[in-house]
Amino acid sequence: MIHLSHHKKYVILSYLAMASNIMTGFILFPLILKYIGLEALGIFGLLYSTKAIVDIGIGWLSASMTKNLIKYNFLKNKILTLSFLINFSYGFFGFIIFILYGYILKIEYFTSFLYFSIFFLLSCMMIPFYEIMSAELRQYQIAFFRFVQQFLFMVLSISFFILFKEKSLDVIFLTLVISSVVTLIFLLRFFYNNFQYKYQFKRFRKKILYQVLIKDGKKYFFNGVSTILLLQLDVLLIDYLYGSKSAGIYLLIWKIPNTLIMLGWRLSEPFQAVVAKEINQNKEDVKIQFYDLEKKILAISLIAGLVYFYFGSFILEIWLGSENIPEIKYMYFIPAFVIIFSIIQRLYLAINYYTFGLETITILQIIELSLKIFFILFMFDEFKELSPIVGWFIAFLVTLFFYRRNSLKVIL
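As the structure is a prediction and not an experimental result, all values here were calculated from the model. (Residues numbered from 1 in each chain as written. Predicted model: local features only at pLDDT ≥ 70, side-chain atom pairs only at ≥ 80, totals over all residues. Heavy atoms only, no water.)

### Considering the overall build of the protein chain
For step 1, the next point in the chain: On a plain count of helices and strands, the protein chain comes out with 16 helices and 0 strands.
For step 2, the next point in the chain: Counting only residues that meet the buried cut, the protein chain has 58% of its 412 residues in that class.
For step 3, the next point in the chain: For the protein chain, contacts bridging at least 24 residues in sequence account for 83% of all contacts bridging at least 6.
For step 4, the next point in the chain: Carbon and sulfur atoms make up 66% of the accessible area of the protein chain, which amounts to about 18700 Å² in all. (Helix = DSSP H or I, 4+ residues; strand = E, 2+ residues; numbered from the N terminus. Buried < 20%, exposed > 50% of the residue type's maximum accessible area, 1.4 Å probe, protein only. Contact = heavy atoms within 4.5 Å. Areas by Shrake-Rupley, 256 points an atom, 1.4 Å probe, with all protein chains shown as cover.)

### A short note on the packing of aromatic side chains
For step 1, the next point in the chain: Here the structure, examined in full by the defined rule, presents 35 aromatic pairs.
For step 2, the next point in the chain: Measuring from centroid to centroid gives 5.2 Å for Phe84 and Phe129, while their planes differ by 80 degrees, and the two rings are edge-to-face. One end of the pair, Phe84, is in helix H4 (residues 76-105); the other, Phe129, is in helix H5 (residues 110-135), and 45 residues separate them in sequence.
For step 3, the next point in the chain: By relative accessible area, which is 19% here, Phe84 ends up buried.
For step 4, the next point in the chain: Relative to Phe396, the ring of Trp392 lies with its centre 5.4 Å away and its plane at 25 degrees, an arrangement referred to as stacked. Placement of the pair is Trp392 and Phe396 together in helix H16 (residues 387-411), with a separation of 4 residues, close to one helical turn. Residues Trp392 and Phe396 agree in their burial class; the two are buried.
For step 5, the next point in the chain: Through a chain of ring-to-ring contacts, the aromatic side chains of Phe29, Phe44, Tyr90, Phe93, Phe98, Phe116, Phe119, Phe120 and Phe173 assemble into a single cluster. (Phe/Tyr/Trp six-rings, centres within 6.5 Å; stacked < 30°, edge-to-face > 60°.)

### Some points on the pattern of salt bridges
For step 1, the next point in the chain: Here the structure, examined in full by the defined rule, presents 4 salt bridges.
For step 2, the next point in the chain: Among the salt bridges present, the one from Asp234 reaches Lys372, with a minimum N-O distance of 2.9 Å. With Asp234 in helix H9 (residues 217-242) and Lys372 in helix H14 (residues 358-378), this residue pair connects regions lying 138 residues apart in the sequence. For the pair shown, Asp234 and Lys372 are each scored as buried. (Salt bridge = Lys/Arg side-chain N within 4 Å of Asp/Glu carboxyl O.)

### Side note on the confidence of the model for the protein chain
For step 1, the next point in the chain: When the pLDDT values of the protein chain are averaged, the result is 82; 84% of them are 70 or greater.
For step 2, the next point in the chain: The spread of mean pLDDT over the elements of the protein chain runs between helix H8 (residues 206-215), the lowest at 60, and H14, the highest at 93. (pLDDT = per-residue confidence, 0-100.)

### Side note on the packing of helix H10 (residues 244-265) against helix H13 (residues 333-353)
For step 1, the next point in the chain: Look at H10 against H13: their axes get within 9 Å of each other, and the N-to-C directions meet at 20 degrees. Relative to H13, the element H10 is oriented roughly parallel. For the pair H10 and H13, the crossing hand works out as right-handed. Counting all contacts with H10, which are made through Trp254, Pro257, Leu260, Ile261, Gly264 and Trp265, the residues of H13 involved are Pro335, Val338, Ile339, Ser342, Ile343 and Arg346.
For step 2, the next point in the chain: Classifying every residue of the contact of H10 with H13 gives 9 nonpolar, 2 polar and 1 charged. (Axes fitted to C-alpha atoms, helices over the stretch in contact; angles between N-to-C directions. Parallel < 35°, antiparallel > 145°, perpendicular 65-115°, else oblique. Left-handed = near helix turned anticlockwise from the far one by under 90°. Nonpolar A, V, L, I, M, F, W, Y, C, P; charged D, E, K, R; others polar.)

### Focus: the nonpolar core
For step 1, the next point in the chain: If you look at the biggest cluster of nonpolar residues, it comprises 98 residues, and the most contacted ones within it are Ile32, Leu169, Ile172, Leu316 and Val338.
For step 2, the next point in the chain: Top element by residues in this core is H13. It accounts for 12 residues.
For step 3, the next point in the chain: Discounting chain neighbours no more than four positions away, the residues touching Leu169 are Ile32, Ile36, Ala40, Ile43, Phe44, Tyr109 and Ser112.
For step 4, the next point in the chain: One finds Tyr130, Ile132, Leu184 and Phe190 within the second-largest nonpolar core, a separate group that totals 15 residues. (Core = buried A, V, L, I, M, F, W, Y, C linked by side-chain atoms within 4.5 Å.)

### Describing H14
Each turn of an α-helix holds 3.6 residues, which means side chains three or four residues apart point in the same direction.
For step 1, the next point in the chain: The end-to-end C-alpha distance of H14 is 30 Å, a good match for the 30 Å that 21 residues give at a rise of 1.5 Å each.
For step 2, the next point in the chain: When H14 is considered as a whole, its buried residues turn out to be Leu358, Ile361, Thr362, Leu364, Gln365, Glu368, Leu369, Lys372, Phe375 and Ile376. For H14, the buried positions fall inside an angular range of 165 degrees around the axis, keeping them on one side. Away from its buried face by more than 90 degrees, H14 exposes Ile363 and Phe378. (Expected span 1.5 Å × (residues − 1). Arc of directions from axis to C-beta.)

### Re a nonpolar patch on the surface
For step 1, the next point in the chain: A surface patch of nonpolar side chains, amounting to about 1100 Å² of accessible area, comprises Ile303, Leu306, Val307, Phe309, Tyr310, Phe311, Phe314, Ile318, Tyr330, Phe333 and Phe337.
For step 2, the next point in the chain: Of all the elements in the fold, those that place two or more residues in the nonpolar patch are helix H12 (283-320) and H13.
For step 3, the next point in the chain: Sort the elements by how many residues they give to the nonpolar patch and H12 lands first, with 8 residues.
For step 4, the next point in the chain: Within the element layout of this structure, Tyr330 appears in the loop between H12 and H13. (Patch = residues over 30% accessible without salt bridge, like charges linked within 9 Å, V, L, I, M, F, W, Y side chains within 5 Å.)

Now the structure itself:
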């Protein structure tokens, strides 16, 4: 079972990483808006959303690798080697995708796309290290390295942007590359000193390939597709249909709710591997932990939603200035409910992630995605940039019940 102190370390370090991310956004967004413009802010968000879409091709595999590292410890060296080969190859593929995207569609921001493509490659190279730590219930160490990377990016990006006379996105994404290189060096050193894994480039057993890529891989692939599209497709659609300025407005109104949701999600993540390791050995203990965690996360989600509903406009005014706040109906009421629903939903997803029932989760997410797309396409005149959030809210009214029922099948 995961040690209580490790869970606390994970939560603290995750929140420190999130705090660094929040500070970066809170400082950079107004600076970009002031010196470069709303279109540049839209490009900034577009790059991260595009990365999330490109991640679909490899993100699913990380979950499958982690599950099999947990299940087949005696094959860990072969699984690790396979992970490194696939992640590096896909990182190079993504590198080319970003360069072509920038050159063909956003030539005026090509240098930013180039730096971001390097960042994507480096990110893929870090994935196998995180899989190993997760399989050995060292999630707090993953959180530490993510904090280091995000903190470095925060300090460097803000400092460089302020100090450089010529303000551009290029400066920001250059610091993203620098922080990623430093983090990767630390990871390599840490892995060498603390783990006994070895690379085995001999012929891979068909059973390993089938288990990782097909049997487990396909369900994580489809879940990864539904998850990433659910979280990121809205920015791409709004940018494509209504322009980069609308994408920038969406980023502004969704930044704080999304941050609260990400903070809430961190509470549930360590429980994924715990359930997978312990459900067949100490089921009663897992059940007690689940009900206890469910009550706590529900309380936290309610507090987060109420805080945004009552203080969201005040926070936005301090952050952006009253003249830069868009006026859209229900822009505090609807996101407040989505914050509550999404945080508690993440716990239910965690129960199923490495056990069973993930296919049902994928179907529920596809329902939510469909409603978000429908509202972007057909209800934009009514709800403006809030349209995808309204669609998500309506979907949650139906799907949340089934999320909980699906997770209880594992626990009970």
